[in-house]
Amino acid sequence: SDGDPIVQGVPIHKVGRETGWTRGVVISPNSNLNRNISGTTITIYSQISGTIYGINNGDRGAPVFRQVAQVPVVDLVGIFFFTLMTFFSEHGIAR
């Protein structure tokens with residue numbers, strides 16, 4: 001519900017350009033992501049990781065959110081930015 005922390009198992013949603021509205025769950029509320037970019041390993045710290053069912057490269061940049069009791073109000077969890085690893089930023093939960 002509104003204001004609750006993001007924890008493992010929390011249902012999340014994504015509305016992407018390619019796949020539309022899909023759902024998943026939080027796997028970890030605090031993950032470090034290592035990516036190899038042009039031969040250099042970059043670590044992105046303190047990310048929420050989750051599983052989103054139904055994703056495509058065209059969905060990058062899609063909002064990831066959780067629904068709260070007062071539909072249609074949602075809490076923004078982050079922005080979807082990797083397809084295979086399904087990670088998104090946790091900084092600044094917005095309303």
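Right above here is the structure, for reference.
So, a few notes on the structure that sits alongside this text. None of these values were measured; they are calculated from a predicted model.

Regarding the pattern of salt bridges
And then number 1: Taken as a whole and assessed by the stated rule, the structure comprises three salt bridges.
And then number 2: The salt bridge partner of Glu18 is Arg17, with a shortest N-O separation of 3.2 Å.

Side note on the side chain of Lys14
And then number 1: Tracing the chain through its elements places Lys14 in strand 1 (residues 11–16).
And then number 2: Within the structure, Lys14 has its side chain in polar contact with the backbone oxygen of Gly20 (distance 3.3 Å).

Focus: the pairing of strand 4 (residues 63–67)
And then number 1: Sheet topology places strand 1 next to strand 4; two bridges connect them, and they run antiparallel. Across the sheet, residue Lys14 finds its bridge partner in strand 4, namely Val64.
And then number 2: Where strand 4 and strand 5 (residues 74–79) come together, five bridges link them in antiparallel fashion. Bridge pairing in strand 5 links Val64 to Gly78.
And then number 3: Remark: six residues form the turn of the hairpin made by strand 4 and strand 5, two consecutive strands paired antiparallel.

The rules behind these values
- Residues numbered from 1 in each chain as written.
- Predicted model: local features only at pLDDT ≥ 70, side-chain atom pairs only at ≥ 80, totals over all residues.
- Heavy atoms only, no water.
- Salt bridge = Lys/Arg side-chain N within 4 Å of Asp/Glu carboxyl O.
- Helix = DSSP H or I, 4+ residues; strand = E, 2+ residues; numbered from the N terminus.
- Polar contact = N/O pair within 3.5 Å; in protein donor to acceptor, adjacent residues only side chain to side chain.
- Pairing = 2+ DSSP bridges.

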